[in-house]
Amino acid sequence: DIQVTQSPTSLSASVGDRVTITCRASLTFGSYLNWYQQKPGKAPKLLIHAASTLQSGVPSRFSGSGSGTEFTLTISSLQPEDFATYYCQQTFNAPLTFGQGTRVEIK
Amino acid sequence: EVQLVQSGAEVKKPGESLRISCKDSGYNFTSYWISWVRQMPGKGLEWMGRIDPSDSYTDYNPSFQGHVSISADESIGTAYLQWGSLKASDTAIYFCARHPYYGSSPFTWGHGTLVIVSS
């Protein structure tokens, strides 16, 4: 199974900060990686697919990069509505796996 | 707009059986995978398995195989997740998600079904 390790597990940041979340995979798999945002009581929402493609309707302050075994989600200027939990997901092979999640909290 | 409508919350006792559903309101039910994802209280996302509704091929996470069953009824555009004997540890929110066969296969999510198992 491909393990995906997300870091950090939580972070505190202020509005306007630049935030970076990393996902590392146990095997290389190209760009078969997606990023989701989840708010309490809600379903996850797709932000980035194929490692770096911004989903339609998602603000451009979100970006994704990386390939192989290391991937990054960056929020260039954190907004109040961005406080949530973020997950990476590998879809290279089954079982599909999610990172452990990164909780972004208000500083 | 793709919409996955899931069945309502359930409260069951240990040992009881349960089937929850996920209806795809789109027109291409047999052109995508349907996956099920578990989220236990306060925890992360766990992929349970998926089904190809065009031929009912299923693929399970070994962690869940043998405890749950995934099926689909193509005629009504609905996928199901079923338990034969629930445990208290099955208490969770269960999401269905639709995703393409190819590429990075990003998920489009249902709203989730809360299952509570308690004596």
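Above: the structure in question.
Everything in this summary refers to the structure shown in the same document. (Residues numbered from 1 in each chain as written. Chains lettered and ligands numbered in written order. Predicted model: local features only at pLDDT ≥ 70, side-chain atom pairs only at ≥ 80, totals over all residues. Heavy atoms only, no water.)

**Some details on the nonpolar core**
Thought 1: Residues Ile21, Trp35 and Tyr86 of chain A are the most contacted members of the largest nonpolar core, which totals 25 residues.
Thought 2: Of all the elements in the fold, those that place two or more residues in this core are β2 (10-13), β3 (19-25), β4 (33-38), β5 (45-49), β8 (70-75) and β9 (85-90) of chain A.
Thought 3: Here this core gets four residues from one element, more than from any other, and that element is β3 of chain A.
Thought 4: With residues near it in sequence (within four places) discarded, Ile21 of chain A still touches Gln6, Ser7, Leu11, Trp35, Phe71, Thr72, Leu73, Tyr86, Thr102 and Val104 of chain A.
Thought 5: By size, the runner-up hydrophobic cluster in this structure holds 23 residues, among which are Cys22, Leu81, Ala92 and Val115 of chain B. (Core = buried A, V, L, I, M, F, W, Y, C linked by side-chain atoms within 4.5 Å. Buried < 20%, exposed > 50% of the residue type's maximum accessible area, 1.4 Å probe, protein only. Helix = DSSP H or I, 4+ residues; strand = E, 2+ residues; numbered from the N terminus. Contact = heavy atoms within 4.5 Å.)

**Thoughts on the packing of aromatic side chains**
Residue and element names in this part refer to chain B.
Thought 1: For the coordinates displayed, the defined rule picks out 15 aromatic pairs over all chains.
Thought 2: For the ring pair Phe95 and Trp109, a centre distance of 5.8 Å and an interplane angle of 90° mean the geometry is edge-to-face. Residue Phe95 is found in strand β9 (residues 92-99), and its partner Trp109 is found in strand β10 (residues 108-109); the two are separated by 14 residues along the sequence.
Thought 3: A relative accessible area of 2% places Phe95 in the buried class.
Thought 4: Sitting over the face of the ring of Tyr80, Arg19 holds its NZ or CZ atom 3.9 Å from the ring centroid.
Thought 5: Of note, Arg50 hangs over the ring of Trp33, and the distance from its end group to the ring centre comes to 4.1 Å. (Phe/Tyr/Trp six-rings, centres within 6.5 Å; stacked < 30°, edge-to-face > 60°. Lys NZ or Arg CZ within 6 Å of the ring centre and 35° of its normal.)

**Digging into the interface of chain A and chain B**
Thought 1: Taken residue by residue, the interface counts 19 residues in chain A and 21 residues in chain B.
Thought 2: Note on chain A versus chain B: buried area summed over both sides is about 1,500 Å², and carbon and sulfur give 67% of it.
Thought 3: For the pair chain A and chain B, the interface holds zero salt bridges.
Thought 4: Counting only elements with at least two residues in the side of chain A that touches chain B, the list comes to β4, β5 and β9 of chain A.
Thought 5: With four residues, the top contributor of residues to the side of chain A that touches chain B is β4 of chain A.
Thought 6: Looking at the side of chain A that touches chain B residue by residue, the classes come out as twelve nonpolar, six polar and one charged. (Buried area = accessible area lost by both parts, 1.4 Å probe. Salt bridge = Lys/Arg side-chain N within 4 Å of Asp/Glu carboxyl O. Nonpolar A, V, L, I, M, F, W, Y, C, P; charged D, E, K, R; others polar.)

**Observations concerning unusual backbone geometry**
Residue and element names in this part refer to chain A.
Thought 1: Each neighbour pair has its own omega, and for Ser7 with Pro8 the value is -5°, a cis peptide bond.
Thought 2: Along the chain, the position of Pro8 falls in the loop between β1 (4-7) and β2.
Thought 3: For the bond from Ala94 to Pro95, the omega torsion is 0°, close enough to zero to count as cis.
Thought 4: Residue placement: Pro95 occurs in the loop between β9 and β10 (97-98).

**Some remarks on the state of the cysteines**
Every disulfide links exactly two cysteines, by a covalent bond between their sulfur atoms.
Residue and element names in this part refer to chain A.
Thought 1: The tally for this structure, following the rule as stated, stands at two disulfides over all chains.
Thought 2: The disulfide partner of Cys23 is Cys88, and the gap between their sulfur atoms is 2.1 Å. Linking Cys23 and Cys88, the disulfide has an S-S dihedral of approximately 65° and is accordingly described as right-handed. Taken together, the residues Cys23 in strand β3 and Cys88 in strand β9 connect sequence positions 65 residues apart. Here Cys23 matches Cys88 in class, with each residue buried. (Disulfide = S-S within 2.5 Å.)

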